[in-house]
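Fold and geometry: a report
So you can see what is in the structure, the chains are spelled out below.
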Amino acid sequence: MAAALKFVFSSFAVRRDVLFLFCAENMKFGPASRRIVSRLGGRLRGAAAADHFTGKSGSSLDVIAPAGLDVPRLVVIGTGKGRTLTSRDLTKLGGAAMGKLPKAAAAATIFAELGSGVLKADQVADLALGARLRGYAFDLYKTKRKDDDEKGPKRIDLNFACSNPAAAEKAWTRGAAIADGVVLARDLVNEPGNVLYPGEFARRASALTKLGVGVEVLDVAAMRKLGMGALIGVAQGSAHEARVVIMRWNGGKRGADPVAFVGKGVCFDSGGLSIKPAQNMEDMKGDMAGAACVVGLIHALAARKAKVNAVGAIGLVENMPDGKAQRPGDIVKTMSGQTIEIINTDAEGRLVLADVLHYVNKRFKPKFMINLATLTGAIVVALGQEYAGLFSNDEKLAERLIKAGDATGERVWRMPLGPEYDKLIDSKFADMKNTGGRSGGAITAAQLLQRFVDKTPWAHLDIAGTGMGSPQNDLNRSWGSGWGVRLLERLVEDHYER
Ligand code: BES
Ligand code: MN
Ligand code: ZN
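First, a word on scope: everything that follows refers to the structure included in this document. (Residues numbered from 1 in each chain as written. Chains lettered and ligands numbered in written order. Predicted model: local features only at pLDDT ≥ 70, side-chain atom pairs only at ≥ 80, totals over all residues. Heavy atoms only, no water.)

Some thoughts on the environment of Val234
Following the sequence through the fold, Val234 ends up in helix α9 (residues 229-235). Judged by its relative accessible area of 2%, Val234 falls in the buried class. In sequence terms Val234 and Gly272 are 38 residues apart; their C-alpha atoms lie 8.2 Å from each other. Residues contacting Val234, with those up to four places away along its chain left out, are Val317, Glu318, Asn319, Gln326, Glu348, Leu351 and Val352. (Helix = DSSP H or I, 4+ residues; strand = E, 2+ residues; numbered from the N terminus. Buried < 20%, exposed > 50% of the residue type's maximum accessible area, 1.4 Å probe, protein only. Contact = heavy atoms within 4.5 Å.)

Quick look at the state of the cysteines
Under the defined criterion, the tally for this structure stands at 0 disulfides. Cysteine Cys267 shares no disulfide, and the gap to the nearest cysteine sulfur, in Cys293, comes to 15 Å. (Disulfide = S-S within 2.5 Å.)

Overview of the coordination of the zinc ion (ligand 3)
Every protein donor of the zinc ion (ligand 3) is accounted for by Lys264 (NZ), Asp269 (OD), Asp287 (OD) and Glu348 (OE), and the metal-donor separations fall at 2.0 to 2.4 Å. One way to put it: the 6 donor atoms around the zinc ion (ligand 3) meet at angles of 79 to 175°, and that makes the site octahedral. Sequence spacing among the residues donating to the zinc ion (ligand 3) works out to K-x4-D-x17-D-x60-E. A gap of 3.1 Å separates the zinc ion (ligand 3) and the manganese ion (ligand 2), which Asp269 links by coordinating each metal. One end of the pair, Asp269, is in strand β11 (residues 259-269); the other, Glu348, is in the loop between β14 (339-341) and α11 (349-364), with 79 residues separating them in the sequence. On the accessibility criterion, Asp269 (3% relative accessible area) is buried. (Donors = N, O, S within 2.8 Å, 3.2 Å for Na, K, Ca; no water. Tetrahedral: all angles 85-135°; square planar, octahedral: opposite > 155°, others 65-115°.)

Side note on the coordination of the manganese ion (ligand 2)
The protein atoms that coordinate the manganese ion (ligand 2) are Asp269 (OD), Asp346 (O), Asp346 (OD) and Glu348 (OE), at distances spanning 2.0 to 2.2 Å. One can describe the donor arrangement at the manganese ion (ligand 2) as irregular, given that its 6 donor atoms subtend angles of 71 to 166° at the metal.

Considering the nonpolar core
Most often, soluble globular proteins have nonpolar side chains that are buried together. Counting residues in each nonpolar core, the largest one holds 94 residues, and the members touching the most others are Phe201, Met247, Ile314, Ile370, Leu401, Leu461 and Leu488. Top element by residues in this core is helix α10 (residues 289-303). It accounts for 11 residues. Among all residues touching Ile314, those that are not within four sequence positions of it are Phe201, Ala205, Arg243, Val244, Val245, Met247, Gly263, Ala291, Val294 and Val295. If you look at the next biggest cluster of nonpolar residues, it comprises 42 residues, including Leu218, Val220, Met335 and Ala373. (Core = buried A, V, L, I, M, F, W, Y, C linked by side-chain atoms within 4.5 Å.)

A closer look at the sheet that holds strand β18 (residues 432-433)
Here 3 strands make up an open sheet; going across it, the order is β13-β14-β18 and the pairing mixed. Each having just a single partner strand, β13 (331-333) and β18 make up the two edges of the open sheet. Judged from the 3 bridges that link them, β13 and β14 form a sheet pairing that is antiparallel. By the bridge assignment for β14, Val332 is matched with Ile340. (Pairing = 2+ DSSP bridges.)

Quick word on the sheet that holds strand β9 (residues 214-218)
If you walk across this open sheet you meet the 8 strands as β9-β10-β12-β11-β15-β19-β16-β17, and the pairing is mixed. Of all strands in the sheet, those bounded by a partner on one side alone are β9 and β17 (412-414). On average, each strand axis in the sheet is tilted by 20° relative to the strand beside it, whichever way the strands run. The pairing of strand β16 (residues 388-392) with β17 spans 3 bridges and is parallel. Across the sheet, Gly389 pairs through a bridge with Trp413, a residue of β17. (Axes fitted to C-alpha atoms, helices over the stretch in contact; angles between N-to-C directions.)

Spelled out as structure tokens, the structure:
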């Protein structure tokens, strides 16, 4: 069972089971840390030498029962060569420290000082964010505790010893808002399809009203009235009715155009009549990671009272084979009026997004639209799990996303768009078809989306590789990664707040 984490910011080290210190390459400690280390006499040097520990980035040194210190365990985390550490580095360090916490520890102190000196308040909050994200585990459905866990604490007090506890505490209100958004997104992605079907997803998104977010839920009748034939077509083989949820956070200037985020929310993607192979089909419970990110992002923005007007819109469906399911060869009419010939019912995400993108564009006239979708296996082949695919019709927006990606570690790689790719989805019978063949599969999917965004600055993030089952790193040990919340929160904070 994952223990609840409680953060305490203080100017002194409180009672604890573990003390964490940071040190740069060549055993370079900050002044306050050096004073602690000196209490061990030469013993730390000895332990470091025995372990070939020098403070390299990614390395750590465990000292059990350090003589001279009133703590049963000292962990030294290496921060590497003396370049200035970015907020991304600090978040990773917080995660690394959390990862070194012994299973039995119920209280730890992280000494918030680097070789270069004390940390500023928002740097302390970065450490805390990393620790919180690393500490996440989804164990809602584990009814039996393992022996190991039995001994673990129910609650862990993490104490950040820093020079400016009040300021750090304040900086953490922003960090906590972001962390809560990521955790919410991860929970949604990890939930199984039998629990999190469109109606239930809509209810969970509706809980954002508690933070002052305006939430509207469209049912199928409302969608039919609007003419969302593509989205409805995907959902018609499922026993669960589709939903579209619109979330609005108005923290910006009254009447200022909003920024808009749109998510693919396929709560389970069996492929429909073009059914998927059984192997790994269970992963398709996570085919709503785009929608989960949008909900997590709006949560984060509202919780930290961001000075921006933001719209989040998610298309929630289940893609199932059934007597009522849509067929290959069917032609659907989208809300935009354009028609789509269904070639493969497993290329369903673009159909859902086509209607939601058009709806959001028409209704809100946003400054930009960014959509997130676990859209294609092809993007996983192209980029693996480290980068999400970025497709955009706008240089400035693309540039800003790439920068926000580098700053947060949720990185995006620009992929091409162009008329040569676009013509691959022309159809014999309708305005377009929903697949463009095997080659360039992620690009032809993006080309279809682009036909529904008009001239509005737009970016599509294909997160099939990053949103779920993504590599385990210093900040994430969960299957559902919550990818994109930190990226887009940073984008908004850096460029779109008044
Ligand atoms: N949800 C899948 C894409 C996917 C695959 C996400 C693997 C995460 C991991 C999507 O709906 C899909 O099935 N895409 C097809 C499109 C094809 C039929 C044109 C694909 O990528 O194979
Ligand atoms: Mn599919
Ligand atoms: Zn899908």
